[in-house]
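As a plain string of letters, each chain reads:
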Amino acid sequence: MFGTEVLFGERFDGISLYTKDLDAEGHTFASVLDSIRADFASHLVDSRRHSLTEVSELLGFSSPANFSRWFRKQFGRSPSQWRSESVEERRA
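Chemist: Talk me through the environment of Pro-64; I want residue IDs and the actual numbers.
Modeler: Along the polypeptide, Pro-64 turns up in helix α4 (residues 64-75). Pro-64 sits in the partly exposed class, given a relative accessible area of 40%. With 11 residues separating them in the primary sequence, Pro-64 and Thr-53 have C-alpha atoms 5.5 Å apart. Those residues in contact with Pro-64 that sit more than four places away from it in its chain are Thr-53 and Ser-56.

The following block contains the structure:
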């Protein structure tokens with residue numbers, strides 16, 4: 001049987017190694033998370049398969065308003081504007 005020191009010690013050592021790698025490359029966990037979220041967000045908003053509320057939940061936001069603010073900061077427009085512009089572009 002393993003002691004908690006062994007289990008948690010190894011886990012935290014691994015996390016600190018990842019953090020050092022991120023630091024060495026000039027990234028933070030938050031910046032990596034935002035990048036991944038942005039990729040998924042643009043795909044999910046474009047697909048129209050999910051409501052914008054569902055998209056905000058799928059991406060782990062605590063509310064649709066928080067998602068909308070974050071999306072506008074990332075892409076310069078609201079999710080609904082992005083979605084309507086994407087539809088117009090597909091028709092053209």
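Chemist: Would you mind going over the pattern of salt bridges in detail, with residue names and values included?
Modeler: A full pass over the atoms with the stated rule returns 1 salt bridge. Here Glu-85 and Arg-77 are joined by a salt bridge, their closest N and O atoms 2.8 Å apart.

Chemist: Explain the packing of aromatic side chains to me, using residue names and the numbers behind them.
Modeler: Tallied over the entire structure, the rule returns 7 aromatic pairs. Residues Phe-61 and Trp-70 carry aromatic rings whose centres are separated by 5.2 Å and whose planes lie at 45° to one another, so their mutual orientation is tilted. As far as the burial class goes, Phe-61 and Trp-70 line up, both buried. With a centroid separation of 4.7 Å and 55° between ring planes, the pair formed by Phe-75 and Trp-82 is classed as tilted. Of the aromatic side chains, those joined through ring pairs into one cluster are Phe-61, Phe-67, Trp-70, Phe-71, Phe-75 and Trp-82. The cationic tip of Arg-37 hangs over the ring face of Phe-61; the distance from NZ or CZ to the ring centre is 4.1 Å.

Chemist: Can you tell me about the nonpolar core, naming the residues and giving the values?
Modeler: As a rule of thumb, nonpolar side chains are buried together in soluble globular proteins. In terms of nonpolar packing, the biggest core is built from 11 residues, these being Ala-38, Ala-41, Leu-44, Val-45, Val-55, Leu-59, Phe-61, Phe-67, Trp-70, Phe-71 and Trp-82. Elements with a contribution of two residues or more to this core: α2 (29-47) and α4. Ranked by residue count, the leading element in this core is α2, at 4 residues. Among all residues touching Phe-61, those that are not within four sequence positions of it are Arg-37, Ser-56, Asn-66, Phe-67 and Trp-70.

Scoring rules and cut-offs
- Along each chain, residue indices are assigned from 1 in the same order as the chain's sequence is written.
- Local features in a predicted model are, by the rule used here, given only for residues with pLDDT of at least 70; side-chain atom pairs are given and counted only at 80 or more, and totals for whole chains, interfaces and linings are based on all residues.
- Calculation of side-chain values draws on the structure's entire complement of heavy atoms; hydrogens and water are dropped beforehand.
- Numbering of helices and strands runs from the N terminus; a helix is a DSSP stretch of H or I covering at least four residues, while a strand is a stretch of E covering at least two.
- Any residue under 20% of the maximum accessible area for its type is buried, any over 50% is exposed, and the rest in between are partly exposed; the area is computed with a 1.4 Å probe on protein chains only.
- Here, residues are in contact when the closest pair of their heavy atoms is within 4.5 Å.
- Salt bridges are defined as contacts in which a side-chain nitrogen from Lys or Arg sits within 4 Å of a carboxyl oxygen from Asp or Glu.
- What counts as a ring pair is set by centres within 6.5 Å for rings of Phe, Tyr and Trp (its six-membered ring), and what kind of pair is set by the plane angle: stacked under 30 degrees, edge-to-face over 60, tilted for all other angles.
- To sit over a ring, a charge needs its Lys NZ or Arg CZ within 6 Å of the ring centre and within 35 degrees of the ring normal.
- Each nonpolar core is a collection of buried residues, namely Ala, Val, Leu, Ile, Met, Phe, Trp, Tyr and Cys, held together in the definition by side-chain atoms within 4.5 Å.

Remember that the coordinates give geometry; whether it matters functionally is a separate question.
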